[in-house]
Amino acid sequence: MIITDEIRGVFAAQIAKMENSALADLTVEIFTKGCERGGWETVEELKKIPFTLLTDCHGVTFIEHVIAVTDGAYALAKAQLDTYATVPYPIDLDRVLAGGILHDVGKLMEIERDGNGGYRKSRAGHCARHPISGAILAAECGASDEIVNTIACHAKEGDGRSQVVETVFIHQADFATFNPLVMKAAGKLIVRGQV
Ligand SMILES: [Fe+2]
C-alpha cells in the first residue's frame, strides 16, 4: 500500500513550492487515495504506469508527465506574474501546483495492468474518463470547487466551459506534452533529419 509520505516524496520539488500547507497535505492525501482506489501497491509500480494509453508514450511515464505538467503550468503562471506590470486576473500559484499534481489523478483508476506486462483501460475508465473520476475523488476528499475545476476541465471536457485561470495553464502544459506525441505518431512532428 502506498502511503502519504511516499507520495510527498514523489512530488517533493513541487510541494516544496507550496505555501498553503493544508492544501499541500490535501493534495498528497487525494493522490494517495487515488493510488489506493486504483489498486497500485508500491511507488515502484506507480512509476511504471505509462503517461497515456491514447498514443505511443515512447517511455514517458505517468509520473514524469504529471511532474512536467505541474512544472510547466507553474512556469506559465510565473511568467505572467513576473512580467506583467498589472496582472489582469488573480493567479493562485498553490492552486496551479495542487491542480497540476492532481489533474490526472483519475488515471490511477482509468488505467490498469492487462496481465501481460502491459496496460489497458479499466472498467471504471470505460465508465468515466479520468477528468471525471479524478474530479469526483477530489471533491469526495474535500477539495475546493476551484481545484475540482482544474481536474474536471483540464482536457476536452473543459472545452468551452468556465475555467479558473489555473485550469488554463494546466490545460496548455498538458497538451504541450500530449500533442507532440500524437503528431509524432501521425508523422506530423518535424524533427531533425526528417520531415
Ligand atoms: Fe495530463
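Structure's up top.
Residues numbered from 1 in each chain as written. Predicted model: local features only at pLDDT ≥ 70, side-chain atom pairs only at ≥ 80, totals over all residues.

## Remarks on helix H3 (residues 21-38)
For H3, built from 18 residues, the straight-helix expectation of 26 Å at 1.5 Å per residue is met to within 8% by its first-to-last C-alpha distance of 26 Å. For H3, every residue scored as buried is listed here: Ala24, Thr27, Val28, Ile30, Phe31, Thr32, Gly34, Cys35 and Gly38. Where H3 ends, the next residue or the one after it, Gly39, has phi of about 80°, a positive value. (Helix = DSSP H or I, 4+ residues; strand = E, 2+ residues; numbered from the N terminus. Expected span 1.5 Å × (residues − 1). Buried ≥ 20, exposed ≤ 12 C-beta atoms within 10 Å, placed from the backbone.)

## Overview of the nonpolar core
Core analysis: the biggest nonpolar cluster contains 43 residues, and Phe31, Ala73, Leu102, Val105, Ala138 and Phe169 have the highest contact counts within it. Listing elements by their share of this core, those giving two or more residues are H3, helix H5 (62-83), helix H6 (93-102), helix H7 (107-110), helix H9 (130-140), helix H10 (145-152) and helix H11 (165-185). Here this core gets 7 residues from one element, more than from any other, and that element is H5. Setting aside residues no more than four positions away along its own chain, Leu102 makes contact with Thr27, Ile30, Phe31, Gly134, Ala138, Ile147 and Ile151. (Core = buried A, V, L, I, M, F, W, Y, C linked by C-beta atoms within 7 Å. Contact = placed C-beta atoms within 7 Å.)

## Let's talk about the packing of H6 against H11
Geometry of a packed helix pair, given as the angle between the helix axes and the separation of the axes. Relative orientation of the contacting elements H6 and H11 amounts to 45°, with a least axis distance of 9 Å. Classified by the interaxial angle, the pair formed by H6 and H11 is oblique. Crossing hand, H6 versus H11: right-handed. Residue-level inspection shows Arg95, Val96, Gly99 and Gly100 of H6 in contact with H11, the latter providing Glu166, Thr167, Phe169 and Ile170. (Axes fitted to C-alpha atoms, helices over the stretch in contact; angles between N-to-C directions. Parallel < 35°, antiparallel > 145°, perpendicular 65-115°, else oblique. Left-handed = near helix turned anticlockwise from the far one by under 90°.)

## Focus on H11
Over its 21 residues, H11 runs 31 Å from end to end, which matches the ideal 30 Å to within 8%, given 1.5 Å per residue. In the structure, H11 departs most strongly from a straight axis at Ala176, where the bend amounts to approximately 25° and where the proline Pro180 lies between one and four residues downstream. Turning to H11, its buried residues number three or more, namely Val165, Glu166, Thr167, Phe169, Ile170, His171, Ala173 and Asp174. In the core, the buried residues of H11 are packed alongside H5, H6 and H10. Of the residues trailing H11, Gly187 is marked for its positive phi of about 75°. (Bend = angle between axes of the 7 residues up to and from the residue.)

## Considering the environment of Ala77
One can find Ala77 in helix H5. Residue class for Ala77 comes out buried when judged on the 24 C-beta atoms lying within 10 Å of it. Here the alpha-carbon distance between Ala77 and Glu44, two residues 33 residues apart in the chain, equals 31 Å. Setting aside residues up to four positions removed in sequence, Ala77 forms contacts with Ile91, Leu93, Val96 and Phe169.

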